[in-house]
Amino acid sequence: MKTQNVTVIIPAFHEEAVIAKVVGEVRVLHPEFEILVVDDGSKDQTAEKAQQAGARVLRHPYNIGNGAAVKTGIRHATGDIIVLMDGDGQHSASEISALLAHMQNHDMVIGARCSGSKRSWHRTSANAIYNLLATYITNFPVKDLTSGFRAIRTSVARRYLHLLPNTFSYPSTLTLSFLRSGRSICFVPIITKKRTGKSKIRLLADGGRFFLIIIRISLHYAPLRNFLPVILGQFFAGLGM
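Residues numbered from 1 in each chain as written. Predicted model: local features only at pLDDT ≥ 70, side-chain atom pairs only at ≥ 80, totals over all residues. Heavy atoms only, no water.

K.L.:
How should the pairing of strand β2 (residues 34-39) be read in this particular structure?
P.N.:
A regular strand places its side chains on the two faces of the sheet in alternate fashion. Of all six residues in β2, six are buried, a share of seventy percent or more. Where burial is concerned, the two faces of β2 agree: the one with Glu34, Leu36 and Val38 and the one with Ile35, Val37 and Asp39 are both buried. With six bridges joining them, strand β1 (residues 6-12) and β2 adopt parallel strand pairing. Residue alanine 12 lies in a different strand from β2, and its bridge partner there is aspartate 39. Handedness of the β-α-β unit built from β1, helix α1 (residues 19-29) and β2 comes out right-handed. Across four bridges, the pairing between β2 and strand β3 (residues 56-59) is parallel. Pairing of aspartate 39 across the sheet is with arginine 59, part of β3. (Buried < 20%, exposed > 50% of the residue type's maximum accessible area, 1.4 Å probe, protein only. Helix = DSSP H or I, 4+ residues; strand = E, 2+ residues; numbered from the N terminus. Pairing = 2+ DSSP bridges. Right-handed = clockwise from strand over helix to strand, strands pointing away.)

Structure, rendered in structure tokens:
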């Protein structure tokens, strides 16, 4: 794969403390890549520091959402392959090559956080539940539904833009939509680092949104996977009356 055909999209909101380091690591390891930082209405120096580090910067006039920033990046990417990674320092530029190595045979490759990754126990537990539910809905072993570190064919990603929410739920939507529409994906183990600064994800609000996204996509692509257990439950309950 030619490295000049890759665009690294980094959505960022108030990441002035780390964005230059994130961009710099990608630039050193992959100087031929286009690096596109989408500043989602930050009021600090995120955009300026990203540009100084060598990124092409697009700016939202106000905070719209992490998913909205990703969609802006996908619309403006010039590469044939898109790599999505967070702007908070969790993802390692050194692991981009591991994702791209599988892109010849897949439409999307997802970095699956494995043992040793820095994340809280409650998020680890919640993600395990999401993975189990997504595996049931798609009939495919989903190893990390909510990972924001992934590589996608640009032409394919643009076909799914209308489905993507403006929030942090976009990884779940992409994964489920790809699987249920017959697209090929695979998971590659990665190790995430401790993020710099405070997380923007709200456990209850965004956790509930992730769950609703799973249900919405499953209703769209595989309604029987949702309704069959309910129907059977009511049937056997009726037999027992």
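K.L.:
Help me understand the pattern of salt bridges in this model?
P.N.:
Close approach of charged atoms allows side chains with opposite charge to pair. Per the counting criterion, the structure on display carries six salt bridges. Between lysine 193 and glutamate 25 there is a salt bridge, and its shortest N-O distance comes to 4.0 Å. Of the two residues, lysine 193 sits in the loop between β7 (185-190) and α8 (203-221) while glutamate 25 sits in helix α1, which places them 168 residues apart along the sequence. When its relative accessible area of 27% is taken as the criterion, glutamate 25 is described as partly exposed. With a closest N to O distance of 4.0 Å, arginine 153 and aspartate 107 form a salt bridge. Remark: aspartate 107 occurs in the loop between α4 (96-100) and β5 (108-113) and arginine 153 occurs in strand β6 (residues 150-153); sequence separation between them is 46 residues. (Salt bridge = Lys/Arg side-chain N within 4 Å of Asp/Glu carboxyl O.)

K.L.:
Which parts of the structure should I look at to understand the sheet that holds β1?
P.N.:
Sheet strands line up and pair through hydrogen bonds in the backbone, either parallel or antiparallel. Strands sit in the order β3-β2-β1-β4-β6-β5-β7 across an open sheet of seven strands; the sheet is mixed. Two strands in the sheet have a free side with no partner beyond their single neighbour: β3 and β7. The average undirected angle you get between the axes of adjacent strands in this sheet is 25°. Relative to strand β4 (residues 81-84), β1 runs parallel, the two being bridged by four bridges. Bridged to valine 8 within β4 is valine 83. Strands in contact with helix α7 (residues 170-180) are β4, β5, β6 and β7; relative to β6, the strand with the most contacts, it is inclined by about 50°. (Axes fitted to C-alpha atoms, helices over the stretch in contact; angles between N-to-C directions. Contact = heavy atoms within 4.5 Å.)

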